[in-house]
Amino acid sequence: MIFTRTRLACSIAVAAALMTGSAFGALDVTKSTIGMDADGTLLNPSGIEATSKVEGSTATVNITADKVNGAAYGVFANMAHETSDNTDVYPTSLNIIVSDSQFTTTTSTNAGGAVTLWNSAEWNGGQGLSHQVVNTAFTGSTATAMGGALAIMRYGNTNQKAGSVAVSASTFDHNTSGTTGGAIYVEGTTLSVNNGTQFSNNHAESYGGAIYVYGVETGLTVNGATFTSNSSGKSGGAISLWSDGKVGGDQQFEINNAVFDNNSATSKGGAIAWLQTEYTAKDGQQLSITNSTFTHNSAANGGALYAEDAVALSGNVSFEHNTASADGGAIYVKGGTDNGSTFGGELTLSAGANELIHFADNTANGKLNDIFLSTGSSASFTGQGRIELLSGLAGAGSVTSDAANVYVADVTGYTGKLEITGGVFAVEAGDYLDSEKYLFGTGAQVTVAEGGELKLAGVTQTGSIKVTDGTGSLNNEGKISFEDAFLTSEINNGTLTITTNSKFITGSDFGDDSTEIQANLANLFARGATPRESDILEQISNKFVAEGDTADTAALSAEGVEAFRQATGGSATAGAFNVAYDAQTQFTDS
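Attention in this report is confined to the structure presented alongside it. (Residues numbered from 1 in each chain as written. Predicted model: local features only at pLDDT ≥ 70, side-chain atom pairs only at ≥ 80, totals over all residues. Heavy atoms only, no water.)

1. A closer look at the sheet that holds strand 29 (residues 239-243)
Stated formally: Here, a strand pair is defined by DSSP locating no fewer than two bridges between the strands. The helix and strand labels rest on DSSP assignments: H or I over at least four residues marks a helix, E over at least two residues marks a strand, and numbering proceeds from the N terminus.
The strand order 7-13-17-21-25-29-33-37-41-48-51-54 describes an open sheet built from 12 strands, whose pairing is parallel. Of all the strands in the sheet, the pair left with one neighbour each is strand 7 (76-77) and strand 54 (413-414). Summarising the sheet, strand 29 and strand 33 (residues 272-276) pair through 5 bridges and their orientation is parallel. Bridged to Ile239 within strand 33 is Ile272.

2. Section: helix 5 (residues 558-567)
One turn of an α-helix holds 3.6 residues; hence residues three or four places apart share an orientation. Which entries qualify depends on this criterion: Here's how the labels work: a residue is buried when its accessible area is under 20% of the maximum for its type, exposed when over 50%, partly exposed in between, all with a 1.4 Å probe on protein chains only. Of all possible arcs, the one meant is that of the directions from the helix axis to the C-beta atoms.
Listed in full, the buried residues belonging to helix 5 are Gly560, Val561, Ala563, Phe564 and Ala567. Along helix 5, the residues classed as buried sweep out an arc of 160° about the axis, all on the same side.

3. Focus: the environment of Gln518
For clarity, the cut-off: A contact between two residues is defined here by any heavy atoms of the two lying within 4.5 Å.
Tracing the chain through its elements places Gln518 in helix 3 (residues 514-527). Non-local contacts of Gln518, meaning those with residues more than four positions away in its chain, are made with Thr500, Ser502, Ile505 and Thr506.

4. Some points on the packing of aromatic side chains
Note on aromatic pairs: each is described by the distance of the centres and the angle between the planes. Inclusion rule: Classification of ring pairs rests on two measures: the distance between centres of Phe, Tyr or Trp rings, Trp counted by its six-membered ring, which must be within 6.5 Å, and the angle between planes, read as stacked under 30 degrees, edge-to-face over 60 and tilted in between. Should the NZ of a Lys or the CZ of an Arg lie within 6 Å of a ring centre and within 35 degrees of the ring normal, that charge is described as sitting over the ring.
A complete count under the given rule lists 24 aromatic pairs for this structure. Taken together, a centroid distance of 6.3 Å and an interplanar angle of 40° make the contact between Tyr207 and Tyr212 tilted. Classification of Tyr207 as partly exposed rests on a relative accessible area of 27%. With relative accessibility at 8%, the residue Tyr212 sits in the buried group. Relative to Tyr332, the ring of Tyr306 lies with its centre 5.1 Å away and its plane at 15°, an arrangement referred to as stacked. Remark: Tyr332 occurs in strand 41 (residues 331-333) and Tyr306 occurs in strand 37 (residues 305-307); sequence separation between them is 26 residues. A relative accessible area of 3% means that Tyr306 is categorised as buried. Ring pairing ties together the aromatic residues Phe103, Phe138, Phe172, Phe199, Phe227, Phe260, Phe294, Phe319 and Phe359, which thus form one cluster. We note Lys437 situated over the ring of Tyr432; from NZ or CZ to the ring centre the distance is 4.8 Å.

5. As for the pattern of salt bridges
This is how the line gets drawn: Put simply, a salt bridge is a Lys or Arg side-chain nitrogen that is within 4 Å of an Asp or Glu carboxyl oxygen.
Tallied over the full model, the rule gives 9 salt bridges. Note that Asp88 and Lys31 form a salt bridge whose closest N and O atoms lie 2.6 Å from each other. Taken together, the residues span a long stretch of sequence, with Asp88 in strand 9 (residues 87-91) and Lys31 in the loop between strand 2 (27-28) and strand 3 (35-36) at a distance of 57 residues. For the pair formed by Asp88 and Lys31, the shared burial category is buried. Here Arg386 and Glu388 are joined by a salt bridge, their closest N and O atoms 2.7 Å apart. Exposure remark for Arg386: the relative accessible area of 28% places this residue in the partly exposed category. One salt-bridge network, held together by shared partners, links Lys455, Glu483 and Glu538.

Right, dumping it as structure tokens:
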């Protein structure tokens, strides 16, 4: 059956004939250089090297096109033109495979500089079609509007998903679009990009240097693709995802085992921009990123990723050397206010056991920064693996953490609400000891809930740290810890006074040596433990605290007391820990 897209009004008789599969008048091609009729036959008046093989409901097309100036929809489109009534017609029952083809320096006056594939939820019994692009190279193609190389267009109902298109083992290089999707534009269809497909040096004048995804019913899956040196004049240097925010539960974006390097956008998201016209995140709409790397990407906001809706990072994910000229060296999460209520994007970092989510050497406005959370946005850290922000966290959005192992190098720019409900949330704090500087930003509200632990890393001596200022707060119902258990603290209006942990020492079975050990440790922490001393004490604390002890009743086990004695050359009352004894053997022996 052939479905028609009418530009001029059809008569009732003609429309009836089309719907019943009656014979057509003459077909030609006016909107692409090569067209296709209902049975998969190519209409190729220009004599371009092209073949079509039809098997069942699939037509496999092979085309080699060089320096071809196409019409509105490029060199090839799965459509034709009915001359008698001036209508466009489509092979509505044929799944198209563009395979082993080459398109070089081709153009279109509208969409799809090389290829346009049409799909519709009204075709193929309401299921839509399943198109493919396999082992095909697109080089130097240009579209005046969208889809510099490939446009995936939707016919008919705009509220229903129209089939799918899979792109695999293909290359897109130096393609450009006048508006969106430097390489690929897709609307209303689930697009999957797989098997080592490469995007390099593609450019869109506005959104999506490589791929632009349009519409609430459009999906995207990327598995094993590489995006290098793509750019956009506005947002999404490699990928731009867009929704009007009014329909929830349908958009799913998944990116797995992908590499994003040296992509750039003038405004938002050097690698990826996830945009909404209404910022309220909708149930079911989410961008999921797993086992991927982002390096050397750049934009004004969100050097690698800019998000106005839900984003989840999981597995082993790395962001390094990304740059924002304004905020969000690696990631910018958007929030806002509307009629007095706040709303915004939601970022989840979830590292499973033996997994690492890693940020390092990212910068914003010339300063180290990994993640920026604007007012109304939120972030959640979770999982049994490690999450490390070696360039820091900033912004006023809220953070909840129950992750087992979180480390943040800098929180001076963070002014929001941090709630640690479980696991260890470590913050580099050594430079703030006995300083007038505040560890957290102005007005930050930090809560350590029962079961949670705030670790002030880098603190190896007694003194005081101003954690929050007078407009913020520090509330502790869990545990505040340091590099080792031999230090403790008390809170007074956001300031920690750090002292030798006498309860820990007296609770351990040092016998009559407890008082002298406490005095020696007080002297050591007053001058500051050396890196070796601090390492020894930390390892003893981590390995030999008696199992089941709480923060208030923690003590060394008998093995820990023996390790302490050996680490001081056999005398528990010795004042020095940097002796010849190699404590590591004690720590590694079971």
